[in-house]
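Structural description and commentary
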Amino acid sequence: MSSPPDNPSLGLVASTVVHAAGPGPGPLWDAAIEGRTGLRRNDLDWCALDAWLGRVPGVEGTALPPALAPWDCRNHRLAWMALRDPAFMTAVEAAIARHGADRVGLLLGTSTSGIRSTEQAYAHRLAEGQWPAGFDWRHSHSSDSLARFAAAALGLRGPQTVLTTACSSSAKVFLAARRWIQLGLVDAAVVGGADSLCLSTLHGFDALQLLSDDACRPFDAARRGISIGEAAGFVLLAREPAAVSLAGGGESSDAFHMSAPHPEGRGAAQAMRSALDATGLAPRDIGYVNAHGTATPANDRAEASALASVFGPRGVPVSSTKGITGHTLGACGVVDAILTAKALEEALLPPSAMLLEPDPGLPVDVLREARPAPGMRYAMSNNFGFGGSNCSLVFRRSD
Amino acid sequence: MNPLRFGLYAAGIHAPGLDTLAALRLATREGVPAETLAPAALPAPAGLPANERRRASQAVRLVLACVERALVDSPFAADELRVVCATDEGTGEVCLQMLESLATNRQVSPLAFPNSVQNAPSGNLSIAHGNREPGSVVSFGLESFASGLLCAVVDATADRRPVMLVSYDPAMPQPLAELLPVTRPTACAWILAADGVAGKAAPLARFELALADPAAAPASPLPAWLPAHWAAHSSARAIAALGLLEAPATARMHLPLGGRTLVLKRVAGVGA
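This one's a predicted model, so the numbers in the text were calculated from it and none came from an experiment.

**Considering the overall build of chain A**
Scanning chain A from terminus to terminus reveals 12 helices and 17 strands. In terms of overall dimensions, chain A has C-alpha extents of about 60 × 50 × 40 Å along its principal axes. Of the contacts formed within chain A by residues at least 6 apart in sequence, a portion of 79% connects residues at least 24 apart.

Encoded structure:
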């Protein structure tokens, strides 16, 4: 069935992701269904905080290919671990062969990019009076470096951009890419993002007293804050048949506070309603919501309130990936999108990992165990960030 | 792709020696380098609650100041504009403050951290105007304006809503200025809309935007009326593009963007 030109149905043609629970979408799904966490107590030798982390094994030992060596930093090693997936590479090569390298867009999200390199270089600059030899801010920390690195890795020569709206970054790129394809700027697009462990976010969230000293427990009565994780994920979007497609989405701003959510989740609800309007769906059409679910007391309360206002109290089953991967900040949008797509494909709803006792004060149907969802057509994925930046994506299972 | 057509309805600018659109147009006509040594003071953002106003970083003040100037002549209310912010290293002094803490006692200020995200000015802008429309922030090195312009015009066309595009570079304190030599802040704000969105309001000028092969459309040099060292400012391209207001009706500017070149072309006619 062909789509009208102004409302493209975009297949999720291929996807790849690395996260704390293992390399690839398969291990992410397995961990999600089993309710298994990838979080571990902080064992970084460069940070002493009492926290649990979604640290990806093997980042330190990963070497970039020689041609990509100028971009070396933790964030790009993480990105490379995802990009090098042979099936994903093959799918992108096929898109390039079909459309041309200049007709495949690249839109990525990151919050802190390769700032870990600058943290190390600045400490050196302070001690030695000069930047370390070989430190290259443009190729590591500068936000655009993620896309320029990925473009070089994938052989893409189309228009590119990096969105940086904190924790909604790699969700918003799906909608930006959709508009690029809708208006004919490109025929296909690689979207996604990467964010890696760094002192800035670890000590920053600690300063805000939002870090949990336990593994994070989204929507749990005993939740005490976030666990920070790292991840990189990429999805190839094109007007091609696929098991799951991007139906649309909605965005909004809280216009309330830089780091605290609106208490009733006003902006979050607006994004969800806008997503429903954009896709012509009613709340009852959505079979599952992958919540942002960060596990801070205020965030989960605000999101629960927003979910109840849109779907009715306990009106839709929800779960969060944060108990599996940790909060991967600028990368969580694409991680959640990949998991939501898999839930649609499998017609199975993943439980919220690390949940022990759902908070009775939250009007949400939090999944405690995997639940079959035969006949589910649509699912939503929510991501909200600092600055009140909200994004809700809607995915559709193919007939 | 068909070229995307849009109108520029208002603009604001904040840069040393270029504090009004009229000053920019004069510099364009006379070809005189604009920069003065007089500091361009950044006012405390009046629209923010008192606490936020005190905490406002230089980047937040810069963005809010040039947006206020653009809004003076805007046919659209501040809270109906979608927002696209475009910046290279958009945190400046806050980035340094964080790095300093992390390299020494690791006592990060809880006030600094939320301001250390690239979308802090965008978030504060939404708070200042009670604007709940979507906001995006793009950061693409020296191609940040090109990236922001494309996203803004795409938003304006696809969703048929007016858009505020803000291109800015806060000053980088030493020693970060050794990495990115932006020593004084520059910014400008464009209020734009697709044809037919602004009712009877007449645009300052109308433009077309298209993608081209870089080999056929090499990057436009910065005009002589801008200080040469502003080449390190991503927003200098946005300021240079405002110079098209004084150019012939077919003038164009080529802006590299990733593997392509964005062609911004002035087209004849004003009015909706």
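**Quick look at unusual backbone geometry**
Here the amide bond leading from Gln174 of chain B into Pro175 of chain B is cis, since omega sits at 5 degrees, within 30 degrees of zero. Topologically, Pro175 of chain B is positioned in the loop between strand E4 (163-169) and strand E5 (186-194). A positive phi angle is found at Arg314 of chain A, which is not glycine, with a value near 50 degrees. Mapped onto the secondary structure, Arg314 of chain A falls in the loop between helix H10 (297-311) and strand E12 (317-319). Assessed through the 15 C-beta atoms surrounding it within 10 Å, Arg314 of chain A is described here as partly exposed.

**Considerations on the interface of chain B and chain A**
Between chain B and chain A, the residue contacts involve 51 residues of the former and 54 residues of the latter. Where the side of chain B that touches chain A is concerned, the elements lending two or more residues are helix H4 (93-103), helix H5 (112-115), helix H6 (120-129), strand E3 (135-138) and helix H7 (144-159) of chain B. In terms of residues, the side of chain B that touches chain A owes the most to one element, H7 of chain B, which gives seven residues. Tallied by class, the residues present in the side of chain B that touches chain A amount to 25 nonpolar, 19 polar and seven charged.

**Some remarks on the sheet that holds strand E4 (residues 52-54) of chain A**
Residue and element names in this part refer to chain A. Sheet architecture is open: three strands sit in the order E3-E4-E8, paired in mixed fashion. In the strand order of this sheet, the two ends are held by strand E3 (40-41) and strand E8 (228-229), each with one partner. Note that E4 and E8 share two bridges and pair parallel. Residue pairing for E8: Gly54 is matched across the bridge by Gly229.

**Quick look at the pairing of E3 of chain B**
All names here are of chain B. Side chains Gly135 and Val137 project from E3 onto one buried face, and the interleaved Ser136 and Val138 project onto a second face that is buried too. Pairing of strand E2 (residues 82-87) with E3, which is carried by four bridges, proceeds in the parallel orientation. Across the sheet, the residue bridging to Ala86 is Val138, located in E3.

**Considerations on the packing of helix H1 (residues 25-34) of chain A against helix H12 (residues 332-346) of chain A**
All names here are of chain A. Between H1 and H12, whose axes approach to 10 Å, the crossing angle comes to 70 degrees. Here H1 is positioned roughly perpendicular relative to H12, judged by the angle of their axes. Packed against H1, whose contacting residues are Pro25, Leu28, Trp29 and Ala32, the element H12 presents Ile338, Leu339 and Lys342 at the interface. Partitioned by chemical class, the residues of the contact of H1 with H12 number six nonpolar, no polar and one charged.

**Let's talk about the environment of Leu96 of chain B**
Residue and element names in this part refer to chain B. For Leu96, the location among the structural elements is in helix H4. For Leu96, a count of 18 C-beta atoms within 10 Å gives the class partly exposed. C-alpha of Leu96 to C-alpha of Ser116: the two residues are 20 residues apart in sequence and 9.4 Å apart in space.

**Some points on the pairing of strand E8 (residues 260-267) of chain B**
All names here are of chain B. With seven bridges joining them, strand E6 (residues 205-212) and E8 adopt antiparallel strand pairing. Its bridge partner lying in E8, Phe207 is registered against Arg266. Bridge count between strand E7 (residues 252-257) and E8: six bridges; the pairing is antiparallel. Each residue of the ladder has a partner; that of Leu257, found in E8, is Arg260. What sits between the antiparallel neighbours E7 and E8 is a turn of two residues, in which Gly258 has the positive phi angle 60 degrees.

**Quick notes on the nonpolar core**
In this structure, Ala189 and Leu237 of chain A together with Val63 and Leu192 of chain B are the most contacted members of the largest nonpolar core, which totals 230 residues. Viewed by domain, this core spans two of them, domain 1 (10-238) and domain 2 (247-397) of chain A, each represented by three or more residues. In contact with Ala189 of chain A, not counting residues within four places along its chain, are Val104, Gly105, Leu106, Leu107, Ala177, Trp180, Ile181 and Leu237 of chain A.

**Examining the environment of Ala187 of chain B**
Residue placement: Ala187 of chain B occurs in strand E5. Residues contacting Ala187 of chain B, with those up to four places away along its chain left out, are His14, Ala15, Leu62, Val63, Cys66, Val166, Ser167, Tyr168 and Ser235 of chain B.

**Here's the deal with the environment of Trp180 of chain A**
Tracing the backbone shows Trp180 of chain A in helix H7 (residues 169-182). When the 27 C-beta atoms within 10 Å are taken as the criterion, Trp180 of chain A is described as buried. The sequence separation of Trp180 of chain A and Leu107 of chain A amounts to 73 residues, and the corresponding C-alpha distance is 9.9 Å. Trp180 of chain A has contacts with Gly105, Leu185, Val186 and Ala189 of chain A together with Val154 of chain B, leaving out every residue within four places of it along the chain.

About the cut-offs
Residues numbered from 1 in each chain as written. Chains lettered and ligands numbered in written order. Predicted model: local features only at pLDDT ≥ 70, side-chain atom pairs only at ≥ 80, totals over all residues. Helix = DSSP H or I, 4+ residues; strand = E, 2+ residues; numbered from the N terminus. Contact = placed C-beta atoms within 7 Å. Buried ≥ 20, exposed ≤ 12 C-beta atoms within 10 Å, placed from the backbone. Nonpolar A, V, L, I, M, F, W, Y, C, P; charged D, E, K, R; others polar. Pairing = 2+ DSSP bridges. Axes fitted to C-alpha atoms, helices over the stretch in contact; angles between N-to-C directions. Parallel < 35°, antiparallel > 145°, perpendicular 65-115°, else oblique. Core = buried A, V, L, I, M, F, W, Y, C linked by C-beta atoms within 7 Å. Domains from an automatic or database assignment.

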